[in-house]
Structure formats: structure tokens, C-alpha cells
Amino acid sequence: MLTPFERVPVPPEVDDVIEIVLNRLPKIGGKTVKEREINRLLTYINQVEKYSTFVNKFPRIEKLHPFYRESIEILADIDRIKICLFNTKRTADLAMRALREGIQKIKSSDEDQANEIMRKTFGRTSSILRKNRECTSFLIKVIVQLKKMMTVDPKLPTVIVAGSPNVGKSTLISRITRAKPEIANYPFTTKDIHVGHIREGDALIQFIDTPGILDRPNSERNQIELKSINALRNLSGITVFMFDVSPFSYYGVDDQFSLYKEVRSLSGKKVIPVINKIDEKDETYYQSLMKLINNAVEISAEKGIGLEELKREILKALGIPLNRGLLDN
Ligand code: GDP
């Protein structure tokens, strides 16, 4: 899937651009001194053009899907991005104009003035670029981070897999989806997010887990995590909430259940409760959980038990017709 950010070519930092041009200067020739100096400035133009292209290809933030927009908001101040886009474009235009003027001057100058004009133009252009160095650098960092995080496609029906740490979220995604899940990197969390897909007929469904986001009580969440939940609310689909009923579960039934209730109100989506690790269930945990929820799907993500039924429930909740054998995926 091509995200709006993959098409954006990342230019070098300002200091690197200046160094690239500086290093090339001695290697650039021409039939005459004037031609050589013009060729040198043309080399600089090629580099400066990278900034114009960068700004032109940078996605218009207001046109992005709200999931992306809110993800960007977590990463950086949108107003600053807009200001820096404007400044970087203006800087590139000014630098371009300086270089073109330099070329014109060389054309109408004597041979012995050409090098001097090139040097002055080089200096002027570099100082124009340097004035906006911080803005350019900020935009480069933003786009690099955005490229890393956009494995999630907000246009696909989505299954968000939530639950306390270690309940088996990533195991479920890797067992239920077709290929090896991709790893996404979000400003939401320092942890990797797993993204997998299943295909049912014409429909492609995306599964994502939520380490560090929907895995602990609201009272323990910081501002970024709260914003992340808002971003997740923009994905259309459902949530699967996993319970761990094994004796090794780090979290007791009560903790898991209160998180479940929170996720139900926070996620803004239908939530399917799933009891995982039934291959190793602790009877007491299991019974007390059964008293609290009565419509859970019981599975063992690891042993592959109950996954067909879970897929059926998921498809039903997403309103996707069941076309063929579920285990074809
Ligand atoms: P996450 O933190 O929720 O993503 O949990 P993981 O998928 O990393 O699983 C945590 C641990 O539980 C791993 O050691 C898994 O092998 C184990 N696990 C996951 N599903 C099952 C299951 O169905 N049965 C058992 N016995 N162990 C499981």
C-alpha cells in the first residue's frame, strides 16, 4: 500500500546540501571559465530544487484522513509544520532566484569576473538556505517519522486488538492473518505495533494491536496516549478485547475486566470479548470471568483453537459476507 508519505522524496539537510555542492565544485568543468562557473551554479540549482519538490509533494494536512491527521498532531505541532512548509518553499524560491541571477550576471560578465560572481552567488545562496535551516530540518524529521509509521491504512476495515500486556495480542495477529505481520512504528508508543491482514472475498481486513495504548487503565495514561486513542477512534471497524485466563496471567480477572469496560467506552466501536489461552486455563479465573461476560469467544491463539469461530464473529460484526472456507487465508 502506498501511503501519502511514501511519495515524498526526503531532501538532505541544509548543511549537507551545501557540502554536497562544495565537494562537487572542483570536479565541475566547462569549455570556458564562464561556462564552468555557470555549470557550478546549475549544480546548486539541482540541489535546491529538492526542497521545492519536497514541499510540493508534502501531503496537504487538511486533506489527510483524520487518522493520519491526528497521528501527525501527536508527532508535531501542525501550525509549525505549515509555517515551515511555507518558509521552506519561500527559501527555495529565493535561493533559486539568487542562483539564476548569478548565472545571468556571469553570462554578461568578462571571463575574469566569472569565478568571483560564482563565489558570491554561492555564499548568498548558502546564507539564504541557512537562515531556514531549522525549519527544513524539522520537516525532514517529521516526514521520516511519518514514513515509518504509516503501515496502517485508514481506508480498510480494521480490527483493533486490545487487552492487557501479554494476553496474546500479537500471537493472535500472527496466527489469524495471512502473511507475517508488518511492524509499524508510531508516535503513540515506544513499542512496535503489529499490522496483519486477512482477505475475505473482495474485502481486505486489517488487524492491529495496541501495545502501550489500550493496555492499561485510563488513570495511567499520559496525554500522548489519550491522543492516540482519539486517533484510533478514526479507524472504522471493531475491537477485539482479549482476556488471559492462564495461571501465568500477569493481571487478575478484575483488572482485565475493568480495562475491558474502559476500552468499550473509549474505543467507540463494537467490542468482541475473547478469552485466550483456553489450552492452559486456570479454572478459577475462567469461572469468575464467565460470571462477568457471557458472550465471549474462547480461543487459544497459540494452538489455533477457536480461530475459525472468531473470524466468523469478526466478519459478522464488520458486515462482511462469508464467502468461502475460513481457513483459506
Ligand atoms: P501481547 O503482549 O498481548 O502481544 O502478547 P503476546 O502475543 O506477545 O503473548 C504473550 C505470551 O503468551 C507469549 O509467550 C505467547 O506465546 C503466549 N501465548 C499467546 N497465546 C497463547 C495461548 O493461546 N496459549 C498459551 N498457553 N500461551 C499463549
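Residues numbered from 1 in each chain as written. Predicted model: local features only at pLDDT ≥ 70, side-chain atom pairs only at ≥ 80, totals over all residues. Heavy atoms only, no water.

Taking an unreviewed UniProt entry as the reference, the chain is identified by name as GTP-binding protein belonging to Sulfuracidifex metallicus DSM 6482 = JCM 9184.

S.K.: Explain the pairing of strand 4 (residues 203-209) to me, please; I cannot follow it from the model alone.
M.R.: Along any regular strand, the residues point their side chains to alternate faces of the sheet. Burial runs high along strand 4: 6 of the 7 residues are buried. Strand direction decides the pairing type here: strand 1 (residues 158-162) and strand 4, joined by 4 bridges, are parallel. Along strand 4, the bridge assignment pairs Val 161 with Asp 209. Where strand 3 (residues 193-200) meets strand 4, 6 bridges bridge the pair, whose relative direction is antiparallel. (Buried < 20%, exposed > 50% of the residue type's maximum accessible area, 1.4 Å probe, protein only. Helix = DSSP H or I, 4+ residues; strand = E, 2+ residues; numbered from the N terminus. Pairing = 2+ DSSP bridges.)

S.K.: When you look at the domain arrangement of the chain in this model, what are you seeing that I'm missing?
M.R.: One widely used convention gives an interface's size as the accessible area the parts lose upon coming together. With domains assigned, the chain is organised as domain 1 (14-149) and domain 2 (158-328). Each of domain 1 and domain 2 has a C-alpha centre, and the two are 46 Å apart. (Domains from an automatic or database assignment.)

S.K.: It is not clear to me how the state of the cysteines should be interpreted in this structure. Could you clarify?
M.R.: Each disulfide is one covalent bond, formed between the sulfur atoms of two cysteines. Under the defined criterion, the tally for this structure stands at 1 disulfide. Residue Cys 84 pairs covalently with Cys 135 via a disulfide, S to S 2.1 Å. Taking the torsion about the sulfur-sulfur bond, which here is approximately -75 degrees, the covalent link between Cys 84 and Cys 135 counts as left-handed. One end of the pair, Cys 84, is in helix 4 (residues 78-107); the other, Cys 135, is in helix 6 (residues 133-149), with 51 residues separating them in the sequence. Across this residue pair, the class does not change: Cys 84 and Cys 135 are buried. (Disulfide = S-S within 2.5 Å.)

S.K.: Could you clarify how one ought to interpret helix 7 (residues 169-176) in this entry?
M.R.: Taken together, the buried positions of helix 7 are occupied by Lys 169, Leu 172, Ile 173 and Ile 176. The buried side chains of helix 7 occupy one side of the element, clustering within an arc of 100 degrees when seen end-on. Against the buried residues of helix 7 lie strand 1, strand 3, strand 4, strand 5 (237-244) and helix 11 (307-318). (Arc of directions from axis to C-beta. Contact = heavy atoms within 4.5 Å.)

S.K.: Would you mind going over unusual backbone geometry with me for this structure?
M.R.: Across residues other than glycine, the phi torsion is negative in most instances, and most of the peptide bonds are trans. Positive phi is not limited to glycine here, since Asn 166 has a value of about 70 degrees. Position of Asn 166 among the secondary structure elements: in the loop between strand 1 and helix 7. Among the residues examined, Asn 166 registers a relative accessible area of 48% and is labelled partly exposed. Phi angles above zero are rare outside glycine, and Lys 277 is one such case at about 65 degrees. Counting through the fold element by element, Lys 277 comes out in the loop between strand 6 (270-276) and helix 10 (283-292). Since its relative accessible area comes to 21%, Lys 277 is described here as partly exposed.

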